[in-house]
Amino acid sequence: MENWKKVFAIIWTGQFLSILSSTIVNFAIILWISIETGSGEMLALAAIAGMLPQALLGPICGVFIDRWNRKAIMILADSFIAFCTFILAVLFWTGIAEMWHIFILLGLRSVGSAFHSPAMQASVPLLAPEEQIARIAGIDQIIFSIGNIAGPALGALFLSVWDMEYVLLLDVFGAIVACVSLLFVHIPDPEKLKKEVKTVFSDMKEAIAIVLKNHGLSWIFLFATIIMFFIMLVSVLFPLMTLNHFGGDSFQVSLIEALWGVGSLFGGMIMGAKVYKINKVILINLMYIVIGITFFLSGVLSSEGFIIFAVLTTIGGMSGSVFYSSFTAIIQTNIDPSVLGRVFSMYLTLSMIPSLIGLVGIGFFSDYLGLTTTFILCGLIIVVVGILAFLPSSAIGLEKKKSN
């Protein structure tokens, strides 16, 4: 692992261009649907199409990530996503693209993502020293944050000067660069991949059993899953909160989304700056409480408090980035690399389900429960769970046990 910095520099270069181009294309598709249909229902269906396959297939994909060569999986997944995007570009170029084409191809792209992201996360412990893993997770957050900040602006810009098919080809270019960059690095396979292949179901059970066997890790996983449920639920409602409660416009909706990304960028910069001698479990629990407070305060603000809402959103994004970087590092350092694909895939599935619930039940949350009430309740629940997360000694002592 002596050359880990060079390896990650090569990987991050390709991944940055791939993530940025994908974000540009995703926003361009959303903007195109908004302009062509003016329908919130169509936007919700597009979002569901882009998430549902990934959520449903995640645990199964994780089994094969742990069985197969992870470098090959990432290259094939990126290539498949690029191929789907290219087909969509051809449909636009020929003038026959329809909404159902977009939904199907978004779903197929989601299948590729179900393989790529967990495979990348599962590969990190095989490439870097353990003490650097939290820094790497922080730098990953920086890359994603920059993509999320710049992507929407560039997506709107390119769609205003280019036809849709040319914008889509940006994603194909980004995927090609990512695939080529992976060709120049070696990603070793975990030793346990050489064992006799079991059934898919038994492999899934094995990953669950390994997490449950580690009591401290089980508590951390449980609390993170609960917290992500409410974070993702609230995140779906941010645009409506800006429009309906604060009386904002489309620019302010985009501003709030960008500020969450700016906060995530700062959080990633903090985590990626150096190796901190701090208990990451305690840090995670503190971030839970901070995020919960930002949601609660956002809910109690008057309709004149948009500026404060913007500040709270930035703080929430920063806290979320620190939480996710620390959580990722804990998983990567406490789970055997041969099982990480399954563990990350299952967590990805668990964290995406709330977004799907939020998209399907957005009318209930906004019309019946109320936007501000939803923010207040979810914020309070997150704070309470964050406080409770300090109680299990096996979780708090996990970092100390790891260092001994």
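The residue numbering used here restarts from 1 in each chain and proceeds along that chain's sequence as written. Given that this is a predicted model, residues contribute local features only at a pLDDT of at least 70 and side-chain atom pairs are listed and counted only at 80 or more, while totals for whole chains, interfaces and linings are drawn from all residues. To obtain the side-chain values, all non-hydrogen atoms of the structure were included, while hydrogens and water were left out.

1. Points about the overall build of the protein
Here is step 1: Counting its secondary structure elements, the protein contains 16 helices and zero strands.
Here is step 2: The C-alpha atoms of the protein give 21 Å as radius of gyration, which agrees with the globular expectation for 404 residues (22 Å, within 12%).
Here is step 3: C-alpha atoms of the protein, sized along the principal axes, occupy 55 × 50 × 40 Å.
Here is step 4: Burial classes follow relative accessibility: with a 1.4 Å probe on protein chains only, a residue under 20% of its type's maximum area counts as buried, one over 50% as exposed, and anything between as partly exposed. When the 404 residues of the protein are sorted by exposure, 55% land in the buried category.
Here is step 5: Contact definition: two residues touch when any of their heavy atoms are within 4.5 Å. A separation of at least 24 residues holds for 88% of the contacts in the protein among residues at least 6 apart in sequence.
Here is step 6: Under the convention used here, a 1.4 Å probe and the Shrake-Rupley method define accessible areas, while residue burial counts only the protein chains that appear. Accessible surface, the protein: about 17,900 Å² in total, of which carbon and sulfur atoms supply 71%.
Here is step 7: Under the counting rule used here, the positive set is Lys and Arg, the negative set is Asp and Glu, and His together with the chain ends is not counted. The atoms used to mark charge sites are NZ of Lys, CZ of Arg, CG of Asp and CD of Glu. One finds the centroid of the 20 positive side-chain charges in the protein at a distance of 17 Å from the centroid of its 23 negative side-chain charges. Only DSSP runs of H or I reaching four residues or more are called helices, and only runs of E reaching two or more are called strands; each is numbered from the N terminus. Put simply, the radius of gyration uses C-alpha atoms, and a globule should come to 2.2 Å times the residue count raised to 0.38.

2. Quick word on the pattern of salt bridges
Here is step 1: A carboxyl oxygen of Asp or Glu within 4 Å of a side-chain nitrogen of Lys or Arg is what we treat as a salt bridge. Per the counting criterion, the structure on display carries four salt bridges.
Here is step 2: Of the charged contacts in the structure, one is a salt bridge between Asp-66 and Arg-342, with a shortest N-O distance of 2.6 Å. Placement of the pair is Asp-66 in helix α2 (residues 40-67) and Arg-342 in helix α13 (residues 340-360), with a sequence separation of 276 residues.
Here is step 3: Residue classification places Arg-342 among the buried residues on the basis of a relative accessible area of 5%.
Here is step 4: For Arg-342, the salt bridge is made with Glu-206, and the minimal N-O distance between the two is 3.0 Å. Taken together, the positions of Arg-342 in helix α13 and Glu-206 in helix α7 (residues 200-213) put the pair 136 residues apart, joining distant regions of the chain.
Here is step 5: The structure contains a network of salt bridges with shared partners spanning Asp-66, Arg-70, Glu-206 and Arg-342.

3. Description of the environment of Ala-114
Here is step 1: Looking at the element boundaries, Ala-114 is found in helix α4 (residues 99-123).
Here is step 2: Sequence-wise, Ala-114 and Pro-53 are 61 residues apart; in three dimensions their C-alpha atoms are separated by 7.9 Å.
Here is step 3: The residues touching Ala-114, leaving out its near neighbours within four places in the chain, are Gln-54, Cys-61, Ile-65 and Ser-345.

4. A word on the packing of aromatic side chains
Here is step 1: A pair of Phe, Tyr and Trp rings is counted when the ring centres sit within 6.5 Å of each other, with Trp represented by its six-membered ring. The angle between the planes then sorts it: under 30 degrees is stacked, over 60 is edge-to-face, the rest tilted. Under the definition given, this model contains 21 aromatic pairs.
Here is step 2: Residues Phe-323 and Tyr-324 carry aromatic rings whose centres are separated by 6.4 Å and whose planes lie at 75° to one another, so their mutual orientation is edge-to-face.
Here is step 3: Given the relative accessible area of 22%, Tyr-324 is considered partly exposed.
Here is step 4: Linked through ring pairs, Phe-238, Phe-246, Trp-260, Phe-295, Phe-306, Phe-309 and Phe-375 together constitute an aromatic cluster.

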